[in-house]
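Spelled out, the chains give:
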Amino acid sequence: MDIETLVELTDNLVFTYTKQHLDSLQKEVLKGTLNGKKYPQIADDCKRHPDHIKQVGTKLWKLLSDILGKNIKKSNVRSILENFHFSHISNTANDWVNVNNNHINICRENRESPTPKNKSSPTPTDQNQNKTNPENNYDLSEAPDLYSLCDRHTELSTLKQWIENHTRIITILGLTGIGKSTLTVELIPQIKDKFDYIIWRNIDNYPSCKSLQTNIIQFLSQTDSPSQKPEKFSNFQTINNQLIDYLRKYRCLLIFDNLQEIFASRKLAGTYLEEHENYGKFFQQIATSSHQSSLLLLSQEQPKITSGNNHCQTLKLESLGKSATAILESKNLTDKDKWLDLINLYDGNPLWLNIIADAVEDLCDRHVAQFLSCPSIYLGDLEPILEIIFQRLSELEKQVILWIASQETAIDISNTPPDFPLSHSDLWKAIQSLKRRCLVTKKDNFFALLAVLKQYVISNYLH
């Protein structure tokens, strides 16, 4: 009998019983089983771990057993579905299953759903227990409560493509307030069907890499049988391997927010704090091990991860550009013809623009043209943010920033003045680190500081 017809029959049976359709993975398991494939073959087709495919199949056979009142197993599911189909197709007087051009309609008002043997009709509570609810596999409790006014369609498309390509580590890089978390919150509904589990964790909440890994393992092991529950491990390498095994067993999206908190201040960008060096080893194993999961890192500093074959990608969030006008419009600012000038001056950063829009209201009665007439860039409440950024820099980076800020135009790092106090190697090392912090812009071979950072340095260190 046609397999698609049996899959549609099963889907309608499950929907009648649970008010939910089969999900895509359940359908693939059912199709593979009806085609006579074993779990490892189905797992290979679906790019999933065989244990997870077996788990999905076992739950599906249990659900169908409850619906049809028979002991359904992988070995007999096809024959039972075919017998059920043919036994009901001719019941024209009290049709429960109607087949018309391979479309099957369940007519519950004409006939009651079959009652499982030795079991009363399912109560609403029983039905809820049999439902497969993917939301139980999402833990976004540590995600920020955000909303977006801005357009990041290009960035979303890039991230979705990398996820489709099974990129193992994706870093979303950008200064505080640029919209890393907002973009990720918008991404999740668009890619959630690609993953068995989605887990968001804020690095701030965990004292060590081990405590974070243990927390994630505990969440992923909720559906394991007692014999499969992970043991408590003290050795880092062992718990590291335990988590990697889960990332092979399930397709997971792990999101680590505020990654910059594991990096040291006054060192070059991406240098781990001594107590967090295990993160580097963990990321390296994620990048180089074979699995189907993805790790999404949100950071103000770019981590140093070595990997070949495009297993790691970095998306640097740039200015919002014209779409940031939505922020200024929400603040009821005037002089719309000057809005892009204001946006460009503050690097299209949503947080910075919200802060500056308040200053435009307080100081200039919402008149952008008047605000822009100030002879120097106004920082106001941005100063504490810039101070934190500046104090995280290494001494080498501070030297280079002071030099760049003293120049009237962008600098060519290949041509330094004869009296320049640093070697070319040190200069390039500092520029690369500043680039990894998103503090310099590059056009052709010329580098420049962000305008607000240059103003901060001039105001506080060059006067």
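Residues numbered from 1 in each chain as written. Predicted model: local features only at pLDDT ≥ 70, side-chain atom pairs only at ≥ 80, totals over all residues. Heavy atoms only, no water.

Caption draft 1: Representation of the overall build of the protein chain. Secondary structure summary: the protein chain contains 19 helices and 11 strands in total. Long-range pairs, those at least 24 residues apart, make up 71% of the contacts in the protein chain between residues at least 6 apart in sequence. Roughly 22900 Å² of accessible area belongs to the protein chain as shown, and the carbon and sulfur atoms make up 46% of that amount. (Helix = DSSP H or I, 4+ residues; strand = E, 2+ residues; numbered from the N terminus. Contact = heavy atoms within 4.5 Å. Areas by Shrake-Rupley, 256 points an atom, 1.4 Å probe, with all protein chains shown as cover.)

Caption draft 2: Focus on the confidence of the model for the protein chain. Residues at a pLDDT of 70 or more form 84% of the protein chain, whose mean pLDDT is 85. Within the model, pLDDT remains below 50 along residues 89–133, and this stretch shows 65 contacts once partners closer than five positions in the same chain are excluded. (pLDDT = per-residue confidence, 0-100.)

Caption draft 3: Here's a closer look at the packing of aromatic side chains. Counting across every chain of the model gives 12 aromatic pairs. Ring-pair connections join several aromatic residues into one group, and the members of that group are Tyr197, Phe219, Tyr246 and Tyr250. Just above the ring of tyrosine 39 sits the side chain of lysine 74; from NZ or CZ to the centre is 5.2 Å. The cationic tip of arginine 251 hangs over the ring face of phenylalanine 195; the distance from NZ or CZ to the ring centre is 4.6 Å. (Phe/Tyr/Trp six-rings, centres within 6.5 Å; stacked < 30°, edge-to-face > 60°. Lys NZ or Arg CZ within 6 Å of the ring centre and 35° of its normal.)

Caption draft 4: Examining the sheet that holds strand 9 (residues 411–412) more closely. Taken in spatial order, the three strands make up an open sheet running 9-11-10, and their pairing is antiparallel. In the strand order of this sheet, the two ends are held by strand 9 and strand 10 (440–443), each with one partner. Bridge analysis of strand 9 against strand 11 (residues 446–449) gives two bridges, and the strand direction is antiparallel. Its bridge partner being in strand 11, aspartate 412 is matched across the sheet by phenylalanine 446. (Pairing = 2+ DSSP bridges.)

Caption draft 5: Representation of helix 3 (residues 39–46) within the structure. If you check which residues of helix 3 are buried, you get Tyr39, Ile42, Ala43 and Cys46. For helix 3, the angular spread of the buried residues around the axis is 100°, confining them to a single face. The exposed residues of helix 3 that point more than 90 degrees off its buried face are Pro40 and Asp44. Next to the buried residues of helix 3 lie helix 2 (24–34) and helix 4 (50–68). Where helix 3 ends, the next residue or the one after it, lysine 47, has phi of about 60°, a positive value. (Buried < 20%, exposed > 50% of the residue type's maximum accessible area, 1.4 Å probe, protein only. Arc of directions from axis to C-beta.)

Caption draft 6: Representation of the packing of helix 1 (residues 3–18) against helix 2 in the model. The contact between helix 1 and helix 2 brings their axes to 10 Å, and the two run at 135°. When the interaxial angle is binned, helix 1 and helix 2 end up oblique. Between helix 1 and helix 2 lies a crossing of right-handed hand. Facing helix 1, whose interface residues are Ile3, Glu4, Leu6, Val7, Thr10 and Asp11, helix 2 presents Lys27, Leu30, Lys31 and Leu34. Tallied by class, the residues present in the contact of helix 1 with helix 2 amount to five nonpolar, one polar and four charged. (Axes fitted to C-alpha atoms, helices over the stretch in contact; angles between N-to-C directions. Parallel < 35°, antiparallel > 145°, perpendicular 65-115°, else oblique. Left-handed = near helix turned anticlockwise from the far one by under 90°. Nonpolar A, V, L, I, M, F, W, Y, C, P; charged D, E, K, R; others polar.)

Caption draft 7: Main features of the packing of helix 2 against helix 4. Across the interface, helix 2 lies against helix 4 with an axial gap of 10 Å and an inter-helix angle of 85°. One way to sum up the angle between helix 2 and helix 4 is to call them roughly perpendicular. On helix 4, the residues that touch Leu25, Gln26, Val29, Leu30 and Thr33 of helix 2 are His52, Ile53, Val56, Gly57, Leu60 and Trp61. Among the residues making up the contact of helix 2 with helix 4, the classes are represented as seven nonpolar, four polar and no charged.

Caption draft 8: Spotlight on the nonpolar core. Of all hydrophobic cores here, the largest spans 53 residues; its most connected members are Tyr346 and Leu382. When neighbours within four sequence positions are excluded, tyrosine 346 is seen to be in contact with Trp352, Leu353, Ile356, Phe371, Ile377, Tyr378, Leu382 and Val452. Of all hydrophobic cores here, the second largest spans 32 residues; its members include Tyr246, Cys252, Phe263 and Ile305. (Core = buried A, V, L, I, M, F, W, Y, C linked by side-chain atoms within 4.5 Å.)

Caption draft 9: View of helix 19 (residues 451–461). Those residues of helix 19 that sit buried are Val452, Leu453, Gln455, Tyr456 and Val457. In this structure, the buried residues of helix 19 make contact with helix 13 (339–345), helix 14 (350–364), helix 16 (383–391), helix 17 (395–405) and strand 11.

Caption draft 10: Spatial organisation of the environment of glutamine 300. Mapping glutamine 300 onto the fold places it in the loop between strand 7 (294–299) and strand 8 (312–316). In sequence terms glutamine 300 and glycine 177 are 123 residues apart; their C-alpha atoms lie 9.8 Å from each other.

Caption draft 11: Geometry of the sheet that holds strand 6 (residues 252–257). Overall, parallel pairing links the six strands, which are arranged 3-5-6-7-4-8 in an open sheet. If you trace the sheet from one side to the other, it starts and ends with strand 3 (138–139) and strand 8, each paired once. Against the sheet, helix 9 (residues 209–220) touches strand 3, strand 5 (197–202) and strand 6, its axis set at about 150° to strand 5.

Caption draft 12: Structural view of the pattern of salt bridges. Evaluated as defined, the whole model comprises 15 salt bridges. Through salt bridges with shared partners, a single network forms among Glu301, Arg392, Glu397 and Arg437. (Salt bridge = Lys/Arg side-chain N within 4 Å of Asp/Glu carboxyl O.)

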